[in-house]
Amino acid sequence: MSKEQVSISDLLHSLDSSELQEAEQVRATVNQQLSSDKGGAVLSAVVDYYLESSSSQAVLLLSSIRETHHKALLEKLNESLNRPLTRLVALTLLGHLIRKQPPWVHHISRSALLPSLLRCLKTDSDVVVLITAVLVLVTLLPMIPQAGKQHIYDFFDVFGRLASWTQSPVVHLVHLHAGVYSLFHRLYGMFPCNFISYLRLHYSMKENLDTFQEVIKPMLEHVRVHPELVTGTQDQELEPSRWRCYEVHDIVIECSRVSLDPLESSCEEDIYTSLREPTSTSLCSSPPLRPPELSSPLPALDLTSSPLITETVSSHPQAHLLLLRLLPPPTQCASPRPTPPPSDQRRAMSPW
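Small disclaimer: the values here were computed from a predicted structure and weren't measured. (Residues numbered from 1 in each chain as written. Predicted model: local features only at pLDDT ≥ 70, side-chain atom pairs only at ≥ 80, totals over all residues. Heavy atoms only, no water.)

**Some details on the overall build of the chain**
From N to C terminus, the chain includes 18 helices and 0 strands. Expressed as a percentage of the 352 residues in the chain, the buried residues total 53%. The long-range share in the chain, meaning contacts at least 24 apart out of those at least 6 apart in sequence, stands at 75%. Carbon and sulfur atoms form 52% of the exposed surface of the chain, whose accessible area is close to 16300 Å². (Helix = DSSP H or I, 4+ residues; strand = E, 2+ residues; numbered from the N terminus. Buried < 20%, exposed > 50% of the residue type's maximum accessible area, 1.4 Å probe, protein only. Contact = heavy atoms within 4.5 Å. Areas by Shrake-Rupley, 256 points an atom, 1.4 Å probe, with all protein chains shown as cover.)

Okay, here's the thing in structure tokens:
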């Protein structure tokens, strides 16, 4: 190990010091080293420090790097994402970074990181990894809309796989389906012609009819007819030029406009707010409303291994109850769906 590596390692272990003055000095020193980091050794050390410690200070340092250093960061994230032992923490870090909308975020669409993320969603069997990864994808899509030209069928494969997922306890399934529900709204809002074509083709197959009745049909009941289904075509909506006049928040708002679900619409509006305010600490922070009284305790959810999920779920502990009402898991498909609660109660039980 070189002198420089030992030095940065010592600095990083003081990054979260309880002594505010020391911590501030360390942040300034590491920032200075990051700005002159030509070989990427300092940046790599900061990522490794986050993987070991989940340090929020490391997130702040990495989100502030210059665009000239984005390649080294994306390569390091990709390397970490492809290692099973660091995959979940790497996804969590990626989620924290993209929510801050750094200037280099659009480069993800042309890096190896995006195919790795999609491969994870299409092959991984760890439900906590899948929940974290789908949250990342939903947040990322409005930031890289041009990626649809190359990866549209990958997005659909991910949706189809997760929509039919049944290999986990009900509590985990409901949270996974919360992510799938949000992914449904994102894909329908951004690529309606291609998405409806996929749904028609995929769910007309006999082996997929049960999933359509249990999962997809209830989702379709919560969106209005997209104008692009009348005026657009599959080819037109995949053209990169389509997105030239759109900012990230424009795409998010467009997705919310075709939703009939007041909960999802509210969530999209709050995502818009968080995108305009990079210091926000949640994927979608709903107003601080008092949750309704519950007649029975909620089942415990152990997702503590993923800070990104814990952060989202802990602020909305009624998430899985709402999804049981909107999207019953496959194990409950024989039971009729309860009538959705009034919109004010549903808004208070936002899964995001």
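**So, the packing of aromatic side chains**
Counted under the stated rule, the structure contains 12 aromatic pairs. Ring geometry for Phe191 and Trp243: centres 6.0 Å apart, planes at 80 degrees, overall edge-to-face. A residue pair is termed long-range when its members are at least 10 positions apart, and Phe191 in the loop between helix 10 (170-190) and helix 11 (192-202) and Trp243 in the loop between helix 13 (228-231) and helix 14 (248-257) qualify at 52 residues. Given a relative accessible area of 8%, Trp243 falls into the buried group. For the pair Phe195 and Tyr198, a centre-to-centre distance of 6.3 Å together with 10 degrees between the ring planes defines the contact as stacked. Here Phe195 pairs with Tyr198, and both are found in helix 11, just 3 residues apart, close to one helical turn. In this pair, the class of Phe195 matches that of Tyr198, namely buried. Within the aromatic cluster, the residues linked to one another by ring pairs are Tyr153, Phe156, Phe159, Phe184, Tyr188, Phe195, Tyr198, Tyr203 and Phe212. (Phe/Tyr/Trp six-rings, centres within 6.5 Å; stacked < 30°, edge-to-face > 60°.)

**A word on the side chain of Ser63**
As for its position among the elements, Ser63 is in helix 4 (residues 56-63). Apart from the residues within four sequence positions on either side, Ser63 is in contact with Leu97, Lys100 and Pro102.

**What to know about the confidence of the model for the chain**
When pLDDT is averaged along the chain, the result is 77; 73% of the residues meet or exceed 70. Across residues 271-305 the pLDDT falls below 50, and counting only partners more than four positions away or on other chains, this stretch makes 66 contacts in the model. Note on residues 310-352: pLDDT is under 50 here. Beyond four places in sequence and across chains, it has 104 contacts. (pLDDT = per-residue confidence, 0-100.)

**What to know about the UniProt feature "transmembrane region" (unreviewed entry) in the chain**
What UniProt calls "transmembrane region" (unreviewed entry) maps, in this numbering, to residues 127-144. Helix makes up 78% of residues 127-144 and strand makes up 0%, while its end C-alpha atoms are separated by 25 Å. (UniProt positions renumbered as here; feature names shortened; annotations may be inferred.)

**Overview of helix 4**
Along helix 4, 6 of the 8 residues are buried, which leaves the element largely enclosed by surrounding structure. Listed as buried for helix 4 are Gln57, Ala58, Val59, Leu61, Leu62 and Ser63. Of the surrounding elements, those touching the buried residues of helix 4 are helix 2 (20-35), helix 3 (41-53), helix 5 (70-81) and helix 6 (87-99). For helix 4, the capping residue at the N-terminal end is Ser55, with a side-chain oxygen 3.2 Å from the backbone nitrogen of Gln57. (Polar contact = N/O pair within 3.5 Å; in protein donor to acceptor, adjacent residues only side chain to side chain.)

**As for the nonpolar core**
Nonpolar side chains tend toward joint burial in soluble globular proteins. Ile108, Leu117, Phe155 and Phe159 are the most contacted members of the largest nonpolar core, which totals 89 residues. When residues no more than four places from it in sequence are discounted, the contact partners of Leu117 are Leu81, Leu91, Ala133, Val136, Leu137 and Leu140. (Core = buried A, V, L, I, M, F, W, Y, C linked by side-chain atoms within 4.5 Å.)

**Some details on the pattern of salt bridges**
Considering all chains together, one arrives at 8 salt bridges under this definition. Note that Arg27 is salt-bridged to Glu24, the shortest N-O span being 2.5 Å. Of this pair, Arg27 and Glu24 both sit in helix 2, 3 residues apart, which is roughly one turn of the helix. Two residues, Arg87 and Asp124, come together in a salt bridge whose shortest N-O distance is 2.7 Å. With Arg87 in helix 6 and Asp124 in the loop between helix 7 (113-123) and helix 8 (127-140), this pair connects stretches of sequence that are 37 residues apart. With relative accessibility at 17%, the residue Arg87 sits in the buried group. Linked through salt bridges whose partners overlap, the residues forming this network are Asp48, Lys76, Glu79 and Arg83. (Salt bridge = Lys/Arg side-chain N within 4 Å of Asp/Glu carboxyl O.)

**Overview of unusual backbone geometry**
Phi angles above zero are rare outside glycine, and Ser54 is one such case at about 55 degrees. Looking at the secondary structure, you find Ser54 in the loop between helix 3 and helix 4. Classification of Ser54 as partly exposed rests on a relative accessible area of 37%. Positive phi is not limited to glycine here, since Gln101 has a value of about 45 degrees. Take Gln101: it is sitting in the loop between helix 6 and helix 7.

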